[in-house]
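Single-letter residue listing:
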Amino acid sequence: MTCRISHTTVDCRDAYALSRWWQEVLGYQEDPDDPNEPGDEECPIHDPATGHTVLFLDVPDPTPGKNRFHFDLRPRERSRDEEVAWLQQRGATVLADHRGIYGPGSGWVTLVDPEQNQFCVLRSDVELAAADQASAAG
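Positions within a chain are numbered from 1, following the residues in the order the chain's sequence is written. pLDDT decides what is reported in this predicted model: residues at 70 or higher carry local features, side-chain atom pairs at 80 or more are listed and counted, and totals for whole chains, interfaces and linings draw on all residues regardless. Side-chain numbers here rest on the full set of heavy atoms in the structure, without hydrogens or water.

Novice: Report on the pairing of strand E3 (residues 53-58), specifying residues and quantitative values.
Specialist: We treat two strands as partners when DSSP finds at least two bridges between them. Each helix is a run of DSSP H or I of at least 4 residues and each strand a run of E of at least 2, with the numbering of both proceeding from the N terminus. Where strand E1 (residues 8-12) and E3 come together, five bridges link them in parallel fashion. Looking at the pairing, Thr8 lines up with Val54 of E3. Between strand E2 (residues 42-46) and E3, which follow one another and run antiparallel, lie six residues, and Gly51 among them has a positive phi close to 85°.

Novice: Talk me through the pattern of salt bridges; I want residue IDs and the actual numbers.
Specialist: Throughout this description, the term salt bridge denotes a Lys or Arg side-chain nitrogen within 4 Å of a carboxyl oxygen of Asp or Glu. Counted according to the given criterion, the structure contains eight salt bridges. One salt bridge in this structure joins Arg90 and Glu24, with 2.9 Å as the shortest N-O distance. Taken together, the positions of Arg90 in the loop between helix H2 (80-89) and strand E5 (93-97) and Glu24 in helix H1 (residues 15-26) put the pair 66 residues apart, joining distant regions of the chain. Between Arg78 and Glu83 there is a salt bridge, and its shortest N-O distance comes to 2.8 Å. Among the residues examined, Glu83 registers a relative accessible area of 8% and is labelled buried. One network of salt bridges, with partners in common, ties together Arg80, Asp81, Asp97 and Arg99. Buried, partly exposed and exposed residues are distinguished by accessible area as a fraction of the type maximum, computed with a 1.4 Å probe on protein chains only: under 20%, between the cut-offs, and over 50%, respectively.

Novice: Mind laying out the nonpolar core, listing which residues take part and the relevant values?
Specialist: Formed by 23 residues in total, the largest nonpolar core has its most connected members in Trp22, Val25, Phe56, Leu87 and Phe119. Those elements that place two or more of their residues in this core are E1, H1, E2, E3, strand E4 (71-73), H2, strand E6 (109-112) and strand E7 (118-121). Top element by residues in this core is H1. It accounts for six residues. Two residues form a contact once any of their heavy atoms are found within 4.5 Å. Each residue touching Val25, except ones within four places of it in the same chain, is listed here: Leu73, Glu83, Trp86 and Leu87. Residue types Ala, Val, Leu, Ile, Met, Phe, Trp, Tyr and Cys, when buried and joined through side-chain atoms within 4.5 Å, form a set referred to as a nonpolar core.

Novice: Account for the state of the cysteines, naming residues and giving values.
Specialist: The definition used for a disulfide is geometric: two cysteine sulfur atoms within 2.5 Å. Scanning the entire structure with this criterion turns up zero disulfides. In this structure Cys43 is a free cysteine whose sulfur lies 7.7 Å from that of Cys12, the closest cysteine sulfur available. Assessed through its relative accessible area of 0%, Cys43 is described here as buried. Free cysteine Cys120: the closest other cysteine sulfur is in Cys12, separated by 19 Å.

Novice: Explain the sheet that holds E6 to me, using residue names and the numbers behind them.
Specialist: The sheet built from four strands is open, its strands ordered E4-E7-E6-E5 with mixed pairing. With one partner strand each, in any of the chains shown, E4 and E5 form the two edges of the open sheet. The mean inter-strand angle of the sheet, taken between neighbouring strand axes irrespective of direction, is 30°. Across four bridges, E5 lies against E6 in antiparallel orientation. Looking at the pairing, Val94 lines up with Leu111 of E6. H1 rests against E4 and E7 of the sheet, and its axis sits at about 30° to E4. The convention used is that axes are lines fitted to C-alpha atoms, helices contributing only their stretch in contact, and that angles between N-to-C directions extend from 0 to 180 degrees. Docked against the sheet, H2 engages E5, E6 and E7, running at close to 145° with respect to E7.

Novice: Please set out H2 residue by residue, giving values where relevant.
Specialist: Since the α-helix packs 3.6 residues into each turn, any two residues three or four apart lie on the same face. Inspection of H2 places Arg80, Glu83, Val84, Trp86 and Leu87 among the buried residues, and these make up the whole buried set. Mapping the buried residues of H2 onto a view down its axis gives an arc of 165°, with all of them on the same face. Each element contacted by the buried residues of H2 is listed here: H1, E5, E6, E7 and helix H3 (125-137). Of the residues trailing H2, Gly91 is marked for its positive phi of about 110°. Note: the arc covers the axis-to-C-beta directions of the helix.

Okay, here's the thing in C-alpha cells:
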C-alpha cells in the first residue's frame, strides 16, 4: 500500500502573513468559502490547476538552522533571473547564488522568505527547452 501527499505544511510565526506572501509568489488561492484571516493559526492556500495545498501553521518556536524541506520553484511566466528580481522586490533575500555552477545559463538561486524559510528558484521550462534545443543543435 502506498500513500499520497495530502498537503505541504510550513511552520511559521505568522500563518496569515506568510500565506499571503506565498499566495502571491505561487499564484495559489485561498478557499473563498473559508478565507484566511489575520490571527488565524492555520492558513491553507491551494493551486487552482492541481489542487495542491500548502498549509501555514503558527508555531511558537523558530526553525533551528537550515530547514530540511524546501520548495524548488520553476517560474511559469518569467525567466529564473526575472523571477529572482521579482521575489526580491517582494521581500525575499538571496542566500546563495548558484547560477552558472554547471555552465552558462544553468544553476539556481537560494533565497529566504520573510520568515527566513529557504527556497530555490530554478530555470523556467522555457529556458530548459531552449538549452536542450541549443545542445541538440550544437
